[in-house]
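Structural overview
Okay, here's what each chain looks like letter by letter:
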Amino acid sequence: MRLYIVSRNQGKIRELSYLSREHGIDLVPLDIPKVEVQSESIQEVALYSATVAYLTVRKPVIVEDSGLYIKKLKMFPGALSSYVYKTIGIHGILKLMEGVRDRDAVFKSVIALAAPRVRGVKLFQGVVYGTISEEPRGTGGFGFDPIFIPSGYTKTFAEMSIEEKNKVSHRAKAFRGLAKWLIKNCGKLLCHDWK
Ligand code: IMP
């Protein structure tokens, strides 16, 4: 089965490609822009982007939208994570967290699927709880990985291999939900014919 993905984030594509292979899915990046609405909801952003992508290419397509939500910053940066990463970045976030003892945070991911015979757009969600480290650690991954320590671990995401991150990450959980749903519904969707 082939699925297309709209994203220019190579970190996301790499993680999702690993997960796709585990489920026998051929994930192919599409070179079209991810059209994004401005919204505080990553669900709304993913839903809209997947709709536009599907109307453009008419192929089975997924879009992933995600964000980091920090409790003591009133869940900032949330849906603005990509913009905040590009502007104040990791060091800006650590500055805002100076002297803050409660460092609880959560990463959320939404994968939106739009495909032939799928009614509307299907959304699959995943979350991972954790804390914000005192300083950046590790060189792997992307985005806020060097400052996020998932619950039950001492390493940041950037200190983990991609396989380790995929065991617990928000994105992996959302993807597993998608894979499970596809397996269950593949018969009526004729998804083995998706090309
Ligand atoms: P978007 O989903 O393309 O809007 O971007 C989400 C942004 O959230 C990314 O650019 C990162 O800054 C951050 N982010 C989302 N997921 C992760 C992750 O797994 N690791 C690190 N940063 C992430």
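Every value quoted in this text rests on a predicted model; they were computed, and no experiment measured them. (Residues numbered from 1 in each chain as written. Predicted model: local features only at pLDDT ≥ 70, side-chain atom pairs only at ≥ 80, totals over all residues. Heavy atoms only, no water.)

1. A word on the site of the ligand
As a reminder of what qualifies: By convention in these notes, a residue is near a molecule or strand provided one of its non-hydrogen atoms lies within 4 Å of it. For this analysis, a polar contact is any N or O atom pair within 3.5 Å, provided that within protein one partner can donate a hydrogen and the other can accept it, and provided that sequence-adjacent residues contribute only side-chain to side-chain pairs. All accessible-area figures derive from a Shrake-Rupley calculation using a 1.4 Å probe, and residue coverage is judged against the displayed protein chains alone. Secondary structure elements are taken from DSSP: a helix is a run of H or I of four residues or more, a strand is a run of E of two residues or more, and numbering for both begins at the N terminus.
Contacts to the ligand come from 15 residues, most closely from Lys12, Ser66, Asp145, Lys165 and Arg171. In this structure, an oxygen atom belonging to the ligand sits 2.9 Å away from a main-chain N or O atom of Ser66. Here a nitrogen atom of the ligand sits 3.1 Å away from a polar atom, N or O, in the side chain of His170. Burial of the ligand by the surrounding chains reaches 94%, relative to a free accessible area of 490 Å². Secondary-structure elements contributing two or more residues to the shell around the ligand are strand E3 (61-70), helix H3 (81-87) and helix H6 (170-189). By residue number, the principal contributor to the shell around the ligand is H3, which donates three residues.

2. Re the side chain of Ser7
What counts, and what does not: Contacts: residue pairs with any heavy atoms within 4.5 Å of one another.
The residue Ser7 is located in the loop between strand E1 (2-6) and helix H1 (10-22) in this model. Polar contacts involving the side chain of Ser7 include one to the main-chain amide nitrogen of Asn9, which spans 3.0 Å. In contact with Ser7, other than residues within four places in its own chain, are Lys12 and Ile13.

3. Points about the pairing of strand E6 (residues 122-132)
We count it as follows: If DSSP finds at least two bridges between two strands, the strands pair.
As paired elements, strand E5 (residues 104-114) and E6 share ten bridges and run antiparallel to each other. Within the sheet, the bridge partner assigned to Val110 lies in E6 and is Gln125. Sheet analysis places E6 next to strand E7 (residues 148-150), joined by three bridges and oriented antiparallel. Of the residues in E7, the one forming a bridge with Thr131 is Ile149.

4. Concerning the state of the cysteines
Operational definition: We call a pair of cysteine sulfur atoms a disulfide whenever their separation is within 2.5 Å.
Under the definition given, this model contains one disulfide. Residue Cys186 pairs covalently with Cys191 via a disulfide, S to S 1.9 Å. As the torsion about the S-S bond is roughly -105 degrees, the Cys186-Cys191 disulfide counts as left-handed.

5. Some points on the packing of H1 against H6
Helix-helix packing is characterised by the crossing angle of the two axes and by the distance between the axes. Put simply, the rule reads: Fitted lines through C-alpha atoms serve as axes, helices being fitted only where they are in contact, and the angles separating the N-to-C directions of these axes extend from 0 to 180 degrees. Note that the term roughly parallel is reserved for angles under 35 degrees, roughly antiparallel for angles over 145, roughly perpendicular for angles of 65 to 115, and oblique for everything else. Handedness of each helix crossing follows the sense of rotation of the near helix against the far helix: counterclockwise by less than a right angle gives left-handed, clockwise gives right-handed. Side-chain classes are defined by residue name, with Ala, Val, Leu, Ile, Met, Phe, Trp, Tyr, Cys and Pro counting as nonpolar, Asp, Glu, Lys and Arg as charged, and the others, Gly among them, as polar.
Between H1 and H6, the least distance of the axes is 10 Å, while the angle of their chain directions is 40 degrees. What the angle tells us is that H1 and H6 run oblique. The hand of the H1/H6 crossing is right-handed. Counting all contacts with H1, which are made through Lys12, Glu15, Leu16, Leu19, Ser20 and Glu22, the residues of H6 involved are Arg171, Ala172, Phe175 and Arg176. Of the residues assigned to the contact of H1 with H6, the class counts are four nonpolar, one polar and five charged.

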